[in-house]
Amino acid sequence: MTALNRVPSLMARAGTASALTLAAVGGSIVVPGVASEASAVTMASKALQIAASKKGSPYQWGATGPRRFDCSGLTLYSFKRAGKKLPRTAAQQYNNSRHISASSRRAGDLVFFHSGSYVYHVGIYAGSGKIWHAPKTGDVVKLQKIWTKSVWYGRVR
């Protein structure tokens, strides 16, 4: 029996039992939206760990791993390994993410660098104002401080 099915039957048996009583007897309380939000956090955390594990991998334009990456190739690879398919380019990833404010950002969110309305770079937010990303030709995947205020944030759905 799933948690969704157990709550109504426990409530029917318990009458006017409180949530604490249900929890004490092994019941489950389902809050709409919480399970999907929790799984999104887990997926984003996995993607962040995968990106970090690629530290030192060389940048190569158009590369999507597992040994070489461009910026959106690293995010695509990391989220794919975490169980979520993303589109190929930074702009497509921006258009397919849930846009969030800087104050709402959390580790595992995508950070999009833009000039006007043009998105030209993406990384994965690591916390403390830093991202994991594949910067440019001649460089490697690394953790770096966000260097501009011209960024937007997106949460993978």
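First things first, this report covers the structure right here in the doc.

Analysis parameters
Residues numbered from 1 in each chain as written. Predicted model: local features only at pLDDT ≥ 70, side-chain atom pairs only at ≥ 80, totals over all residues. Heavy atoms only, no water. Salt bridge = Lys/Arg side-chain N within 4 Å of Asp/Glu carboxyl O. Helix = DSSP H or I, 4+ residues; strand = E, 2+ residues; numbered from the N terminus. Buried < 20%, exposed > 50% of the residue type's maximum accessible area, 1.4 Å probe, protein only.

Overview of the pattern of salt bridges
Summed over all chains, the structure comprises three salt bridges. Residue Asp70 is joined to Arg88 by a salt bridge in which the shortest nitrogen-to-oxygen separation is 2.9 Å. Pair noted here: Asp70 is in the loop between helix H3 (34-53) and helix H4 (71-82) and Arg88 is in the loop between H4 and helix H5 (90-95), with a separation of 18 residues, a long-range link. Among the residues examined, Asp70 registers a relative accessible area of 7% and is labelled buried. With a shortest N-O distance of 2.8 Å, Asp109 and Arg155 are connected by a salt bridge. Of this pair, Asp109 sits in the loop between strand S1 (97-100) and strand S2 (110-115) while Arg155 sits in strand S6 (residues 151-156), placing them 46 residues apart in sequence. Across this residue pair, the class does not change: Asp109 and Arg155 are buried.

On their own, these measurements won't tell you what the molecule is for.
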